[in-house]
Structures are given as structure tokens and as C-alpha cells.
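Fold and geometry: a report
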Amino acid sequence: MVRLINRPLALFAMIVAGPVLLTAAALVQLPKQLPEIEKGKHANYTEKIPETDVSFDMVAIPGGTFMMGSPKGEAGRQDDEGPQHPVKIRPFWMGKMEVSWDEYDLYWRKNAAKKEEPKTAADKAADAVTRPTPPYADETFGHGREGNPVLCISIHAAMEYCRWLSAKTGKLYRLPTEAEWEWACRAGTTTAFSFGDDSAKLDEFGWFDKNSDEVAHKIGKKKANAWGLFDMHGNVAEWCIDHYDKDYYGTLPLDKPSLSPFKAPSEKRYSYVARGGSWVDPPAMCRSAARRGSSKDWLKRDPQQPQSIWWMTDADFVGFRVVCPVEEQDNLKGLKSKITRESPD
Amino acid sequence: MNSKQAPKPAPSRRAFLATTAASAATVSLGGLPAVHASSSDIIRVGLVGCGGRGTGAAQQCANGGQNVKIWAVGDAFLDRANTAQTTLRQRLGTRAEIPDSRRFVGLNAYQEVIANSDLVILATPPGFRPLHIRAVIEANKNLFTEKPVAVDGPGIRTVLAMHEEANRRGLKVVCGLQRHHQTGYQMSMDKIHSGALGTITSARCYWNQGGLWSRTRTAQMSDLEWQLRNWLYFTWLSGDHIVEQHVHNLDVVNWALQAHPTRCVGMGGRQSRTQAVYGHIFDHFAIEYEYPNNVHVLSMCRQIDGAENNVSEAVTGTKGTWTSRDTPGDPNNYRIRGENAWTFARNRDNDPYQKEHNYLQHCIRQNRQVNDLRYVAESTLTAIMGRMSAYSGRAVTWQDALNSTQNLVPANLAWDMSLPVPPVASGGTQAGMGMGMGG
């Protein structure tokens, strides 16, 4: 990863798709070539969840500036992927893998992570985080547990997991913004996938409709992207913090980079962004820029009212991974899910 | 149907079907009320049992067609009735007309809800279901009843009698075994019933999952209040989880085989959920059912955290095997492997919880016969006989279960009554056998 960051920017200039929407005047305020990748000062680390045998790896993601969204003409592009707009990202760490049941079970299962000994302050803080009610179902919906990505959970559950993990570890964990997710997925590339434009190579990097045998797979079984992240394309789509708004990109400036933009989550249950496509999706939905918004349809088989704010019975294609900001941006400080049982759709 | 509308001469049933212009079906016909409604009549819906499922069913009912209003709610507890009243008003706006005067509370709240409604939703704990079903049918009201419909043989006999009575009265009854309204299951059963598997030789069904919610007893709770609020864990209220939950999967097997079991041998116990808050029910069962033509069916259900999960069904015949969606390792499709290979992808499924209400209202409007009580009673009894076998350690026949005289529901319920928690059944021991067959 470090090797890649240190590559001359000129290398990236060769593969830049071209900021076709920018005027010459606007370019003055932008780096000459995008993406511009800052030299990272932070390093990968492994997080061990205290008092358990479970650990996960965090990958250092450099800060930088890139064109978010896809260029007109990219195969499989949808209208919500444009206009391409420049975005500046601060450095952060991102989970090398999608969060698996091995980690998530420690959070949601009553007593799963507790020990007999007196609790630490961190344990007490973690216990104060709300926890999913038990589902009336096999929460894995037949997709497998050990080593398999969490799925069929809501963005609220993913955000509360992050709060729990933060309290447990003393580090700030949260979901990525949609911009952070795309930046990390692209790993310095401007092509449809982080490995290029040829979807025929997707089989080497991810699980999608044609190679998944219609089931989610254990994490980390395919090749990582250039920054060392696994399963960014396919397997399970991944929750981001942002409300999904198909027109959101059009509200951002085209002539200067937006600093870590995101469409703030609210008390509403829908619609939120899930990125990267999944085992059930065609390659086009697994592209770096492809977007998807959650809908009530993802909870079709929950007959209760209010419906669960934790589980999504019909979203067995959605999971998440965590990020840890090197320095949290002000407008994300203290962010937590506002969704409650009383929340409107 | 709506007594607030001026009665008009009722057309004969044949005439009604012949003319869509008929607008009134509100008066009795030869001593029986007309139980269908023309499209302009308001269907007034009463909800009995204001938990999450009942409130959800009321919402789906309100969304099930035109001119339907949630009109009355009832629950044993004021807080639950209030919550449903508030939630339904918020979610449904003018489709919920539930003034405080039609929000009924107490053990007899069901009577007032039924009296105020054209269509009743029953969603209390299952122990009350036979009593409530009888009250709805005898009041000549159409019915949506949640599953299961009883917890013991006497209750099943009541429901079967009400099946006949509802037919006699032309009442429309749909039950909450929603897989019957789920596209993938409907397509699968069409295939199986048309011979895609050849002659059926065996089947398997599972509801293995983690534990569910529980309610801790507080100092001011009486025996009855605590058991009602924590109803999953008392056999007289839930039937145990094999009845309360696994009935869905057993129902699929009965549906596929177009039969009910003749005999079963089961086992089970309580290995993880042993604390007092979990009452006296089991946390796992495994039953072998015998069906006609020497077809044997494996059934497992479990509510234990951290164990292998599986909620699915499979049916095997001489030409192939059918598996449902959510089958471990192959969760995405309803699938037939074998001579007549076939798949139906999960993303083509509908919302069965909505569809069951659309269908019921369609039948009411079109005066089309629908009465699910027989199959839901048989599927419920299938689960009950499995429980009886596991509790007692003895083989149980269909007739044993159907003719059982042990009524689990206490007579003359009163808030201050003493309701000791029964001992956990222990199949094969003297204690287990003593309380087992009915319990």
C-alpha cells in the first residue's frame, strides 16, 4: 500500500478519465491531475476486541482528492452517478474486510461478549449502547455464519454496532461516508472497477451474480484492491452514512473540491446508501461508482408494526465495513443514528 | 354490512353476484347476515390483541383495499391498546377511526371489539384463539386470525366446529399462515401437486434460530399479568415454540403432502433457556412424523443462541427434491432438483403479509368463499401432537391429539388468580408422562 501511495502522480495522470465537466477556470482551483493522493502518515493496524479472541485488520487509507461518480459513457452507468464532482477526503483507516458475524455476534447477542469478572469502564460504556432485539428468523438467512459477512441488518444496527465497537475499543469507529467509500474502493483508479474497466476480470476480485452460486461468501477469498481492501466489489453491498439522494451530486460544486461531503442521516428509516454491489448483482452494480438506496422492500417479511429498526429480512445482500478517522471532521463528531421505533419511513 | 347505512332490500346471493351495481348487503338474509360487502361499503375492522403483530396486521388490513377502516382495538392491557391506537392513527390517518370509546381493555375486550366490527383481526396469544374464533363466528363477522389457532386438542375441536359453522354462514376467514399467500410457495406447491417430484417419499422442515424476547416479572405484576406479558414461555398461552413458530414449516409439509400426520414420535427439552423468566417451555424439539403411504417427515425446531440456524422446508419424491428459500447454502431460490429442475428466485416473491389481507377483502367484496380454518387447525394440531409426544416421551397419534381432553387454558381467568408455573415436562419419566399427553 505504501508503495502505491509513493508512486509518482504522473502515473495516475495517464489513467485519469478527464474532468470533462470542468471549465478551464475551475481547473485553476483543482490539482492538476486527479486523483491526487497524499502521502499517508498512518499505518495499518489490527484491532482486537477487548476480552474476546476476535480481531480484525484496519487498512490505512490516505487522504486526497478525486473525481467522485462516473463519467458519461462508462458502461453500466446510471444517472445518479453524476455529475462527476471533485471531492477531498481526509485520511482514515478502513476495515480490510466486511464485518463478519464473528464480530457482530459479540455485539448483538445477549451475554456473548460478557465475562464473569467485574466490568471495565469500557464494558459499561459498551453496554449502554442499544442492542438489536432478537429476530424472528435465522438472521443469516441461510448464508452461513463463521467468517461470513453480516447481512440483513439495518443502517441503524450498523451504526449502533460502530458505537458499541467505539466504546469497547476506545477508538472512534463509524460507517464510511459515501465519498470515503468510493475513494477507498477506487484506490487511486478512475476506471469502472479498481482493477480496470474490464468486467471479465471481476471474477478475480469479487462475488457477483455469475460466480457466487447465489450465496454470500466468506470474507477475503478474492483479490484485494490496490490499497489492500477485500470484497469492495460484490459479496455484500456496504452501508454508508449518507441518505441516498439520486440528485445529490448535482448539489455539489464542480469547480472546487467538496471537503468530505455527505448527505446527513436523519430520523427517517429510508433511504440510505449501500455501495459496492453484491453476490446477487450483475457486474455493473458492483462498479466503484454504482449507487443503491435502501427501500421498504428490504423489510418485506417483517409483519410487525412498528417494523424492526435492526433487521432487514429481505436485504441479504447488504452488510457493512467500518472506518476509523485519523482526525474526525467537525460535522461528523458525535454523529449517531437518530432512528427509533417511532421513526417514519 | 355497515349498520350505519340505511338498509336496502338485500339481493339474493346469485343476484348479488350478477350485478355489481348492488350497493347494499347490510341486512340479514333469511336470518343470516350478508357477510359480503359491495365496493362502496365501509368495512369496519376490529383488532383483538394489540402487540406488534396485531398492529402490523391492522395496518396491512387497512392497506388491503378501498373503503376499509380500523374501527376498534382491544387488548388485555391499556398500555398495549394505547400504543396500537396511537400507532395506527399515525400510520393510517383517516383510515383509522379509533376514538377512545372504541379502545377496549381487559380480558373481555374482545367481545366489545367484535360487536363494533364487520371484520375482526385476532392476534392475541394463541391460547385465547378458540374462544375468540367462536365469538367472531357466532357474531357473524368475517375473520382474519393469526396462527396458530389453539394450544390443545379441545381448542382444535372448537376451531374445527367453527370451520363448519363459518361455512354454513358464508363467513370469510383467512389465517396468518402467510406462506399460502407467498408467490414462491404458491408456485412451488403448484409444481409439487402437479407431480414434479413424482411420488413424495419424505420431507424435512426446520425452524432453528436463537432465543426471542422475554419480559421480566416486576413486583406489582400478578401471576396472570406476567404470564400474559411474557406469553411465549407458557404452554397454555403459546403452545410452546413448536406450535407458536414451527407451525409455519409443518404447515408447508401438510400443504405439500395434502395430508396431515397419522402418528409421531418426538423428543425435546430445555438446555439453554433454563431461567425462571422462560417459564416452562422447551428450547428444542425434534419430531419424526408419519404420514399416509409410509411417508416420514423430519421436523426440528430450536430457539437457542449460538447454535446452527435453519428456517426452511424440503420435500423429496421419486423424481426430485424441492427446497424452499432460506435453505442453508442455497438461500436465494425455491428450487427443484431432479427430473423437473426448476427455480424461482426470492426477489420475485411478493409481500405475503399484505397479500393475505388483499385476498380476504377481495373475497368479502366478491362474495367469494374462503375459509382457512380447517387447514390452519390441522397444521396447528400437527405441531401440538409433536409437542405432546416430546413432553410425554410417547408416540402420539392424530386421534390422540385431536381427542385429548386436557384443556390447558385455565377456566375463569381473573387478574388475581393463582397461576403457578407448571413443571418443565420431562419425557419418559413418570412426572413427564403424568402431565405430558395434554401438556
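Residues numbered from 1 in each chain as written. Chains lettered and ligands numbered in written order. Predicted model: local features only at pLDDT ≥ 70, side-chain atom pairs only at ≥ 80, totals over all residues. Heavy atoms only, no water.

Residue and element names in this part refer to chain B. Of all residues in chain B, 90% attain a pLDDT of 70 or more, and the chain-wide mean is 91. Every residue in residues 1-34 is under pLDDT 50, and counting partners more than four places away or in other chains gives 59 contacts. A low-confidence stretch, residues 431-439 (pLDDT under 50), is modelled with 28 contacts involving residues beyond four sequence positions or located in other chains. Interface confidence for the predicted complex, expressed as ipTM, amounts to 0.87; the pTM equals 0.89. (pLDDT = per-residue confidence, 0-100. Contact = heavy atoms within 4.5 Å.)

With that out of the way, let us pick up the interface of chain A and chain B. Size of an interface, as often reported, equals the accessible area lost when the parts are brought together. Opposite the 30 residues of chain A that make contact, chain B presents 37 residues. Of the roughly 2,600 Å² buried where chain A meets chain B, counting both sides, 42% is carbon and sulfur surface. Our count for the contact surface shared by chain A and chain B stands at 5 salt bridges. Here Arg346(B) makes a salt bridge to Asp316(A), at a shortest N to O gap of 2.9 Å. Counting every contact that joins chain A to chain B gives 17 residue pairs in polar contact (both at pLDDT 80 or more). Taken together, the residues of the side of chain A that touches chain B break down into 11 nonpolar, 5 polar and 14 charged. (Buried area = accessible area lost by both parts, 1.4 Å probe. Salt bridge = Lys/Arg side-chain N within 4 Å of Asp/Glu carboxyl O. Polar contact = N/O pair within 3.5 Å; in protein donor to acceptor, adjacent residues only side chain to side chain. Nonpolar A, V, L, I, M, F, W, Y, C, P; charged D, E, K, R; others polar.)

What follows covers the sheet that holds strand β2 (residues 45-48) of chain A. Residue and element names in this part refer to chain A. Ordered by their spatial adjacency, 4 strands build an open sheet running β2-β3-β6-β11, and the pairing between neighbours is antiparallel. With partners counted over all chains shown, the strands left at the sheet margins are β2 and β11 (323-325), one partner each. For this sheet the average axis-to-axis angle between neighbouring strands, irrespective of direction, equals 30°. Two strands pair when backbone bridges link them, and strand β3 (residues 55-61) and strand β6 (residues 92-95) are joined in this way by 4 bridges, in the antiparallel orientation. If you follow Ala 60 over to β6, its bridge partner there is Trp 93. Its contacts with the sheet put helix α7 (residues 178-186) on β3, β6 and β11, and the angle it makes with β6 is roughly 75°. (Pairing = 2+ DSSP bridges. Helix = DSSP H or I, 4+ residues; strand = E, 2+ residues; numbered from the N terminus. Axes fitted to C-alpha atoms, helices over the stretch in contact; angles between N-to-C directions.)

Take the domain arrangement of chain B next. Residue and element names in this part refer to chain B. For chain B, the domain assignment lists domain 1 (35-179 + 358-372) and domain 2 (185-350 + 379-402). Using C-alpha coordinates to define each centre, domain 1 is positioned 25 Å away from domain 2. For the pair domain 1 and domain 2, the two sides together bury roughly 2,000 Å², of which 66% comes from carbon and sulfur. Between domain 1 and domain 2 we count 3 salt bridges in total. Among the salt bridges present, the one from Glu 313 reaches Arg 179, with a minimum N-O distance of 3.5 Å. (Domains from an automatic or database assignment.)

Before going further, it helps to spend a moment on the pairing of strand β4 (residues 68-75) of chain B. All names here are of chain B. With 8 of 8 residues buried, β4 lies mostly within the body of the structure. Here strand β3 (residues 43-48) runs beside β4; their pairing, made up of 6 bridges, is parallel. Pairing of Val 45 across the sheet is with Ile 70, part of β4. Inspection of the sheet shows β4 paired to strand β5 (residues 103-105) by 3 bridges, in the parallel sense. (Buried < 20%, exposed > 50% of the residue type's maximum accessible area, 1.4 Å probe, protein only.)

Next up on the list: the state of the cysteines. Considering all chains together, one arrives at 0 disulfides over all chains under this definition. Cys185(A) takes part in no disulfide bond, and the closest cysteine sulfur to it belongs to Cys286(A), at a distance of 9.7 Å. The thiol of Cys363(B) is not disulfide-bonded; the next cysteine sulfur, from Cys175(B), is found 13 Å away. Using a relative accessible area of 0% as the deciding quantity, one classes Cys363(B) as buried. (Disulfide = S-S within 2.5 Å.)

We now examine the sheet that holds strand β7 (residues 237-243) of chain A. Residue and element names in this part refer to chain A. Read across the sheet, 3 strands follow the order β9-β7-β10 without closing on themselves; strand pairing throughout is mixed. Both edges of this open sheet fall to β9 (272-275) and β10 (318-319), since each of them pairs with a single strand only. Across 3 bridges, β7 lies against β9 in antiparallel orientation. Its bridge partner lying in β9, Glu 238 is registered against Arg 275.

Let's shift gears to the pairing of strand β11 (residues 284-291) of chain B. Residue and element names in this part refer to chain B. Every second residue of β11 is oriented toward a common face, the buried set being Phe 285, Ile 287, Tyr 289 and Tyr 291 and the non-buried set His 284, Ala 286, Glu 288 and Glu 290. Alignment of β11 against strand β12 (residues 295-303), held across 8 bridges, turns out to be antiparallel. Each residue of the ladder has a partner; that of Glu 290, found in β12, is His 296. Between the antiparallel neighbours β11 and β12 lie 3 residues, among them Asn 293 with a positive phi of about 65°.

Before going further, it helps to spend a moment on the environment of Pro125(B). Residues and elements named next belong to chain B. Locating Pro 125 in the fold gives a position in the loop between β6 (119-122) and α5 (129-138). Considered as a pair, Pro 125 and Lys 191 are 66 residues apart in the sequence and their alpha carbons are 34 Å apart. Residue contacts for Pro 125: discarding those within four places in its chain leaves Trp 231 and Leu 237.

Right, let's talk about the environment of Thr120(A) for a bit. Residues and elements named next belong to chain A. Mapping Thr 120 onto the fold places it in the loop between α4 (101-108) and α5 (121-127). The exposure class assigned to Thr 120 is partly exposed, which follows from its relative accessible area of 37%. Placed 57 residues apart in sequence, Thr 120 and Gly 63 show a C-alpha to C-alpha distance of 35 Å.

Where side chains of opposite charge bring their charged atoms close, a pairing between them can arise. The final tally for this structure, using the stated rule, is 52 salt bridges over all chains. Taking the shortest distance from any N to any O, the salt bridge between Asp203(A) and Lys222(A) comes out at 3.3 Å. In this pair, Asp203(A) sits in helix α8 (residues 202-205) while Lys222(A) sits in the loop between α8 and β7, placing the two residues 19 residues apart along the sequence. Judged by its relative accessible area of 38%, Asp203(A) is partly exposed. Two residues, Arg325(B) and Asp326(B), come together in a salt bridge whose shortest N-O distance is 3.7 Å. In this structure, Arg325(B) and Asp326(B) share a single accessibility class: buried. A network of salt bridges, in which partner residues are shared, links Glu178(A), Glu182(A), Arg186(A), Arg275(A) and Arg291(A).

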